[in-house]
Amino acid sequence: MVDKNINPTEEAASADQKGTLSRRQFLTGFGLLGGGLALGGLVGGAFLLPDQVVAIQASDGYLLVDTKKCAGCTSCMMACSLTHHGETNMSLSRIQITQDPFGKFPDDISIAQCRQCPYPSCVEACPTGAMHVDKATGVRTVDADKCVGCERCVNACPFTPSRTLWNFEEKHSQKCDLCKDTPFWDEDGGPDGKRACEEVCSMGAIKFTKELPVQSEDGYEADLRTGTVWDTLGFDGAPKSGGHLG
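Report on the accompanying structure. In this text, all values refer to a predicted model and were calculated from it rather than measured experimentally.

**Let's talk about the packing of aromatic side chains**
Move 1: Taken as a whole and assessed by the stated rule, the structure comprises 0 aromatic pairs.
Move 2: Arg 195 extends its terminal NZ or CZ atom over the ring of Phe 208, reaching a point 3.7 Å from the ring centre.

Here you go:
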C-alpha cells in the first residue's frame, strides 16, 4: 500500500542521497511486463526479473519543457536538425514546436518532445531491435542500420504528433536521443553531456533533469518559471494541468 503522506519529491531526494531507487521510482521508472509478452524489440536494455517479469531500464535523463516560456522561435528545432544531420531542416528535428495562429497565450504554442517513456511502445513495436534502449544510458534510441522502414514505432507512439519520426532523406526511423549521437556537434551529448535544444533556448523553456518527471496522459507537470522574472508577470506556479507540456 502506498503511504499518501509521503511527498514524492522528498522521497526521490532521499533515494538520490542514498544512491538508490525508491519503490515509487522503481515502479514508475521501470515498465513491468507480464511474462507472456513477446520480447520483440525489447532486447537491449530489458532484463528478466523473477516470475518471468520483464523490466525495462529507465532512461538516465528527461527533457522538461514549459510552453509558457516558449517564444516560438524554433531555434531548438534547427539546432536539433543541425547537430544530428548537418542541416537546418525542421522536418528532421526530433523536437517539434507547433503554433496555433488563432490561439491565445498560453495555449497558442505546444512543444512535443520525446518523454523517454518508462514503458516505450516504440521499442516494443520494433520487430528488428532497431528501436532499443541504450544499455549505457537507458535512452530510447534507434540503430538506423537495423531499421527496415516498417514505421511501426512511429504508429506505436501514444502521443500526437508522434515522437518517433520518419527520416525521409535517409529512410529510417529516428527520435530524440538526448543528443547522445550528434556527429555535427563538437560537444558531448547524452544524459551526462549537453542537449542542443536546451543550449540554444534563450527563454529557458527547455531543461534537462535526471529525475523521472511525474507522468500523466497529458504531459509533464513542469514549471520552469518560479524563481525567475516570470514571478512578477503573474505566471508563476505550476500549471493547472500538464496538458500543454506533452
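**Looking at unusual backbone geometry**
Peptide bonds are mostly trans, and most non-glycine residues show a negative phi.
Move 1: Here the amide bond leading from Phe 105 into Pro 106 is cis, since omega sits at 5 degrees, within 30 degrees of zero.
Move 2: Residue placement: Pro 106 occurs in the loop between strand E5 (96–99) and strand E6 (109–112).
Move 3: Between Thr 160 and the following residue, Pro 161, the backbone shows a cis peptide bond with an omega angle of 0 degrees.
Move 4: Here Pro 161 is to be found in the loop between helix H5 (152–156) and strand E9 (165–167).
Move 5: Positive phi, close to 50 degrees, is recorded for Gln 116, a residue that is not glycine.
Move 6: Counting through the fold element by element, Gln 116 comes out in the loop between E6 and helix H4 (121–125).
Move 7: For Gln 116, a relative accessible area of 0% translates into the label buried.

**Let's talk about the nonpolar core**
Move 1: Cys 76, Ile 95, Ile 97 and Ile 206 are the most contacted members of the largest nonpolar core, which totals 18 residues.
Move 2: Counting residues per element, the ones that place at least two in this core are strand E4 (62–65), helix H3 (75–85), E6 and strand E11 (206–209).
Move 3: A per-element tally of this core places H3 first, with 3 residues.
Move 4: Among residues more than four places away in sequence, those in contact with Ile 97 are Cys 70, Gly 72, Thr 74, Cys 76, Met 77, Ile 109, Ser 110 and Ile 111.

**Quick word on the pattern of salt bridges**
Move 1: Counting across every chain of the model gives 6 salt bridges.
Move 2: The shortest N-O distance in the salt bridge between Asp 192 and Lys 210 comes to 2.8 Å. Of this pair, Asp 192 sits in the loop between strand E10 (172–174) and helix H6 (196–200) while Lys 210 sits in the segment after E11, and the two are 18 residues apart along the sequence.
Move 3: With relative accessibility at 48%, the residue Lys 210 sits in the partly exposed group.
Move 4: Put simply, Asp 223 and Arg 225 hold a salt bridge, and the shortest N to O gap is 3.5 Å.
Move 5: Under the relative-accessibility criterion, Asp 223 is labelled partly exposed at 25%.
Move 6: One salt-bridge network, held together by shared partners, links Asp 66, Asp 223 and Arg 225.

Here is what the cut-offs are and how they apply
Residues numbered from 1 in each chain as written. Predicted model: local features only at pLDDT ≥ 70, side-chain atom pairs only at ≥ 80, totals over all residues. Heavy atoms only, no water. Phe/Tyr/Trp six-rings, centres within 6.5 Å; stacked < 30°, edge-to-face > 60°. Lys NZ or Arg CZ within 6 Å of the ring centre and 35° of its normal. Helix = DSSP H or I, 4+ residues; strand = E, 2+ residues; numbered from the N terminus. Buried < 20%, exposed > 50% of the residue type's maximum accessible area, 1.4 Å probe, protein only. Core = buried A, V, L, I, M, F, W, Y, C linked by side-chain atoms within 4.5 Å. Contact = heavy atoms within 4.5 Å. Salt bridge = Lys/Arg side-chain N within 4 Å of Asp/Glu carboxyl O.

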